[in-house]
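The chain contents come next:
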Amino acid sequence: MSDTDSARKGRVYDPDIEHAFPDERLNEVLETVENDAEIQAYLDAQNVNPVTRKRYNDHGSKHISIVRNRALCLYDLLKAGGVTFNGAGDQGLAEADEPVIIALAATLHDIGHVVHRADHPYYSIPLAADVLDRLLPDFGWYDVEERVRLKGEVLHAILCHHTAEMPLTLEAGVVRVSDALDMEHGRSRRPYEQGGRGINTVSSQAIRELTLRAGDDVPVVVEIEMTDAAGVYQVDSLLKAKLTDSGLEDDVRIVAVTTREPDERLIERVEL
């Protein structure tokens, strides 16, 4: 499958295809992030506490790549569906800064894991703030005030991704929902092989594939294919829980289908 085909399935953001938003700033930010030694070191180091020490699902560079890609695909579908975002706009920032906020927050949301799995979003805030203070001046289109405002929006989205804090912007809502869109079986391979049998690990093993597409009566449909009913935990307790209070409840529909190999016979279809 080509990258463009994957993008159409809502899995991989392709900077070379046309989007429903201005993408020049985003594409430069993504290139910078991918080549930043400190960020890449964090993405590797943040996986030790959740996976190596607690036998929990992946929270390293692969997880971040999936979350960021799906966040940008989700954002693109929402923009194409006419959804108006408020985070950048409320701060007097440009529309082009909406995906920058989403991409940076998705990249840095889990770095607090280097401190501890418990309460990691709160540890992510000071660590991400230091990275942003170093990174943002390198982009010539932001003055001091704009850097402060953009930084605040990124930190808000990071804080709201996995806590009781309610997102106040749709950019933060996208990051919150997208964190739960990384639920397929590959995410739990390492802890499962190491003997981890927690509900997150076992239920993730039951998710075969997740895709995003434009809906007929909503901007986005999330389609989830499961091989076992254990996957319902990922769908209901994680994804649905994060969609609740995200600000996107009316714009995103979840469809989960359970099939059984080898004949792929439909067992159950659930819409949330």
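Refer to the structure presented above.
Summarised in this report is the structure supplied together with it. (Residues numbered from 1 in each chain as written. Predicted model: local features only at pLDDT ≥ 70, side-chain atom pairs only at ≥ 80, totals over all residues. Heavy atoms only, no water.)

Some details on the pattern of salt bridges
Phase 1 of the analysis: Taken as a whole, this structure holds 14 salt bridges when the rule is applied.
Phase 2 of the analysis: Residues Glu34 and Arg68 are paired through a salt bridge, measuring 2.5 Å at the closest nitrogen-oxygen approach. Remark: Arg68 occurs in helix α5 (residues 61-80) and Glu34 occurs in helix α2 (residues 24-34); sequence separation between them is 34 residues.
Phase 3 of the analysis: When its relative accessible area of 8% is taken as the criterion, Arg68 is described as buried.
Phase 4 of the analysis: Lys151 is the partner of Asp133 in a salt bridge, and the nearest nitrogen-oxygen pair spans 3.0 Å. (Salt bridge = Lys/Arg side-chain N within 4 Å of Asp/Glu carboxyl O. Helix = DSSP H or I, 4+ residues; strand = E, 2+ residues; numbered from the N terminus. Buried < 20%, exposed > 50% of the residue type's maximum accessible area, 1.4 Å probe, protein only.)

Some details on the packing of aromatic side chains
Phase 1 of the analysis: Tallied over the full model, the rule gives four aromatic pairs.
Phase 2 of the analysis: Note on Phe21 and Tyr75: the rings are 4.8 Å apart at their centroids and 55° apart in plane angle, and the pair reads as tilted. Linking Phe21 in the loop between α1 (3-8) and α2 with Tyr75 in helix α5, this pair joins segments that are 54 residues apart in sequence.
Phase 3 of the analysis: Tyr75 sits in the buried class, given a relative accessible area of 0%.
Phase 4 of the analysis: Relative to Trp141, the ring of Phe139 lies with its centre 5.4 Å away and its plane at 20°, an arrangement referred to as stacked.
Phase 5 of the analysis: Relative accessible area serves as the criterion here: at 22%, Trp141 is assigned to the partly exposed category. (Phe/Tyr/Trp six-rings, centres within 6.5 Å; stacked < 30°, edge-to-face > 60°.)

What about the packing of helix α7 (residues 97-108) against helix α10 (residues 170-180)?
Phase 1 of the analysis: Where α7 meets α10, the closest approach of the two axes is 9 Å, and the angle between their N-to-C directions is 35°. For the pair α7 and α10, the crossing hand works out as right-handed. Across from Glu98, Ile101, Ile102, Ala105 and Ala106 in α7, the residues of α10 making contact are Glu171, Val174 and Val175.
Phase 2 of the analysis: Of the residues belonging to the contact of α7 with α10, the class tally is six nonpolar, no polar and two charged. (Axes fitted to C-alpha atoms, helices over the stretch in contact; angles between N-to-C directions. Left-handed = near helix turned anticlockwise from the far one by under 90°. Contact = heavy atoms within 4.5 Å. Nonpolar A, V, L, I, M, F, W, Y, C, P; charged D, E, K, R; others polar.)

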